[in-house]
Number of protein chains: 2
Amino acid sequence: MPEETPLHERILDTTEQVLRRYGPEKTNVVDVARALGMSHGNIYRHFPNKKALLDAVSARWMHCFTESLSTIASDSKVAPAIRLRRWFDTLRETKRKKIQDDPEFFQMYHTIAKELHDVVTAHVAELLQQLETIIRDGIKAGDFHAKPGASSAAMAFLQTTFAFHHPALLVTRVPSDDEADTVFDLLLSGMIAGPVSKKLRPKVKKS
Amino acid sequence: MPEETPLHERILDTTEQVLRRYGPEKTNVVDVARALGMSHGNIYRHFPNKKALLDAVSARWMHCFTESLSTIASDSKVAPAIRLRRWFDTLRETKRKKIQDDPEFFQMYHTIAKELHDVVTAHVAELLQQLETIIRDGIKAGDFHAKPGASSAAMAFLQTTFAFHHPALLVTRVPSDDEADTVFDLLLSGMIAGPVSKKLRPKVKKS
């Protein structure tokens with residue numbers, strides 16, 4: 001794929017407009033070319049097919065959520081607990097804004113993303129990487145006692161906060177700030193306290 | 001609505017079969033009547049319209065998830081932490097079975113339920129009530145230190161475990177037992193430790 005160029009970005013901007021007008025099913029490369037007043041051969045040089053175009057435009061859409069999170073996650077001057085809270089609040093706030101400003105567009109990207117497993121997998125991997133950085137720093141500093149390690153603790157944090165950022169849930173309901181406070185406090189408390197001792201941990205037969 | 005009768009149940013059984021064959025959009029009361037070999041007037045005496053029929057069949061479907069949970073939640077002879085774990089595992093296991101045995105049928109009920117807000121609200125209220133019973137008993141016994149109280153702790157537990165039971169997420173991915181262990185341990189640890197002291201709680205400006 002060529003380097004990002006102004007034309008590359010212009011194609012993606014126009015793709016968004018065409019998607020908004022026709023929806024993901026009916027959008028095709030010819031429509032995008034026509035809207036840009038260029039031959040579709042020109043577009044194919046940047047994006048070999050519709051899927052590549054949708055991949056790129058979705059990756060860009062998801063990047064707008066992760067961009068500011070990356071700075072928060074790696075800011076080692078800030079205490080890990082505060083970074084974790086900022087990461088959580090920034091993700092919530094960015095999603096909330098997008099969904100409130102343009103609910104149909106949010107829903108459309110959600111629909112597109114369901115088909116684009118690679119783009120979603122890369123997006124989730126990026127979020128997990130950021131969480132892992134924060135949690136690993138927290139463990140190193142002795143603030144967190146996450147078991148079995150930063151990687152699975154990152155996954156647990158992502159999973160336990162789905163109500164606040166997963167598009168499949170947000171399209172139905174955006175939880176309140178009070179709910180976010182309660183959930184964050186519960187998770188932070190669990191991470192500070194560390195794993196429940198074997199004596200207290202319920203033994204349940206696995207099915 | 002009349003008392004549940006064998007005919008009432010037979011109508012719901014047949015509705016499920018018709019739904020399976022035609023899908024929710026195309027299913028109507030006349031099809032259900034025809035499949036039962038009776039006049040649709042007969043069905044209307046039990047269910048005044050298609051919505052009432054879908055409400056009833058969906059409520060019954062959701063009831064199959066909550067039925068066994070109710071016994072677990074109210075079994076005061078069992079320690080609250082163990083009840084909470086059993087409740088979590090039973091809900092996970094029931095959902096997993098349903099989704100694995102018949103993924104299309106699970107997806108279909110998920111699609112129907114999105115339109116039936118009252119049925120879903122009642123279902124969620126029932127789950128929350130069960131969790132509240134367990135958590136309240138845990139607070140009383142001094143095992144849990146949930147703040148600001150059993151009711152919001154129940155909501156937090158439900159929200160933080162969506163990855164393991166919310167249909168909108170399960171249709172995409174069923175998390176592993178290891179992930180369930182890690183998440184449950186984190187939540188239980190947080191509930192035992194109680195709220196993070198103000199000194200440790202990150203202060204973050206609300207946007």
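The name an unreviewed UniProt entry gives chain A is TetR family transcriptional regulator, with Luteolibacter pohnpeiensis as the organism.

(A) Spotlight on the overall build of chain A. Within chain A, the regular secondary structure consists of 11 helices and zero strands. In sequence order, the secondary structure elements of chain A are arranged as α-α-α-α-α-α-α-α-α-α-α. When the backbone C-alpha atoms are referred to their principal axes, chain A occupies close to 70 × 35 × 35 Å. Put simply, 67% of the contacts in chain A that link residues at least 6 apart link residues at least 24 apart. Carbon and sulfur atoms make up 53% of the accessible area of chain A, which amounts to about 10400 Å² in all. Distance from the positive charge centre (29 side chains) to the negative charge centre (26 side chains) of chain A: 7 Å.

(B) Seen up close, the UniProt feature "DNA-binding region" (unreviewed entry) in chain A. The UniProt record marks residues 28-47 of chain A with the feature "DNA-binding region" (unreviewed entry), using the residue numbering of this structure. Helix makes up 75% of residues 28-47 of chain A and strand makes up 0%, while its end C-alpha atoms are separated by 12 Å.

(C) Up close: the packing of helix H1 (residues 6-26) of chain B against helix H6 (residues 103-115) of chain B. All names here are of chain B. One way to put it is that H1 packs onto H6 with a least axis distance of 11 Å and a crossing angle of 80°. Put simply, H1 runs roughly perpendicular to H6. Along the contact surface, H1 presents Glu16, Leu19, Arg20 and Pro24, while H6 presents Phe105, Met108, Tyr109 and Ile112. By residue class, the composition of the contact of H1 with H6 is six nonpolar, no polar and two charged.

(D) Region of interest: the pattern of salt bridges. Residues and elements named next belong to chain B. Applying the stated rule across the entire model yields 30 salt bridges over all chains. The partner of arginine 85 in a salt bridge is aspartate 89, with the nearest N and O atoms 3.0 Å apart. Taken together, the residues span about one helical turn, with arginine 85 and aspartate 89 both in helix H5 (residues 80-101) at a distance of four residues. The burial state of arginine 85 is the same as that of aspartate 89; both residues are buried. Between arginine 92 and aspartate 177 there is a salt bridge, with its nearest N and O atoms 3.0 Å apart. Of this pair, arginine 92 sits in helix H5 while aspartate 177 sits in helix H11 (residues 177-193), and the two are 85 residues apart along the sequence. With a relative accessible area of 8%, arginine 92 lands in the buried category. By relative accessible area, aspartate 177 is classed as partly exposed at 23%.

(E) Focus on the side chain of threonine 182 of chain A. Turning to its location among the elements, threonine 182 of chain A is positioned in helix H11 (residues 177-193). Since its relative accessible area comes to 16%, threonine 182 of chain A is described here as buried. Beyond its immediate sequence surroundings of up to four residues, threonine 182 of chain A is in contact with Lys147, Pro148, Ser152 and Ala156 of chain B.

(F) Focus on the packing of aromatic side chains. Counted according to the given criterion, the structure contains 20 aromatic pairs over all chains. Judged by centre distance (5.2 Å) and plane angle (80°), the rings of phenylalanine 105 of chain A and tyrosine 109 of chain A are edge-to-face. You can see phenylalanine 105 of chain A and its partner tyrosine 109 of chain A sitting in helix H6 (residues 103-113), four residues apart, about one turn around the helix. Consider the rings of tryptophan 61 of chain B and phenylalanine 65 of chain B, whose centres lie 5.6 Å apart with planes at 90°: the pair is edge-to-face. Note that tryptophan 61 of chain B and phenylalanine 65 of chain B are positioned in helix H4 (residues 50-73) at a spacing of four residues, about one turn of the helix. Comparing tryptophan 61 of chain B with phenylalanine 65 of chain B shows no difference in burial state: the two are buried. Here a set of aromatic residues connected by ring pairs shows up, and it is made of Trp61, Phe65, Phe105, Phe106 and Tyr109 of chain A.

(G) Local environment of the domain arrangement of chain A. Residues and elements named next belong to chain A. By the assigned domains, chain A splits into domain 1 (1-48) and domain 2 (52-193). On the side of domain 2, 11 residues touch domain 1, which itself brings 13 residues to the contact. Carbon and sulfur atoms make up 73% of the area that domain 1 and domain 2 hide from each other, which totals about 1200 Å². Scanning the region where domain 1 abuts domain 2 turns up three salt bridges. In this structure, aspartate 13 engages arginine 60 in a salt bridge whose closest nitrogen and oxygen atoms are separated by 2.9 Å. At the boundary of domain 1 and domain 2, one finds four residue pairs in polar contact (both at pLDDT 80 or more). Of all the secondary-structure elements, those providing two or more residues to the side of domain 1 that touches domain 2 are helix H1 (6-26) and helix H2 (29-36). Taken together, the residues of the side of domain 1 that touches domain 2 break down into eight nonpolar, one polar and four charged.

Cut-offs applied
- Residues numbered from 1 in each chain as written.
- Chains lettered and ligands numbered in written order.
- Predicted model: local features only at pLDDT ≥ 70, side-chain atom pairs only at ≥ 80, totals over all residues.
- Heavy atoms only, no water.
- Helix = DSSP H or I, 4+ residues; strand = E, 2+ residues; numbered from the N terminus.
- Contact = heavy atoms within 4.5 Å.
- Areas by Shrake-Rupley, 256 points an atom, 1.4 Å probe, with all protein chains shown as cover.
- Lys, Arg positive; Asp, Glu negative; His and termini not counted.
- Charge placed at Lys NZ, Arg CZ, Asp CG, Glu CD.
- UniProt positions renumbered as here; feature names shortened; annotations may be inferred.
- Axes fitted to C-alpha atoms, helices over the stretch in contact; angles between N-to-C directions.
- Parallel < 35°, antiparallel > 145°, perpendicular 65-115°, else oblique.
- Nonpolar A, V, L, I, M, F, W, Y, C, P; charged D, E, K, R; others polar.
- Salt bridge = Lys/Arg side-chain N within 4 Å of Asp/Glu carboxyl O.
- Buried < 20%, exposed > 50% of the residue type's maximum accessible area, 1.4 Å probe, protein only.
- Phe/Tyr/Trp six-rings, centres within 6.5 Å; stacked < 30°, edge-to-face > 60°.
- Domains from an automatic or database assignment.
- Buried area = accessible area lost by both parts, 1.4 Å probe.
- Polar contact = N/O pair within 3.5 Å; in protein donor to acceptor, adjacent residues only side chain to side chain.

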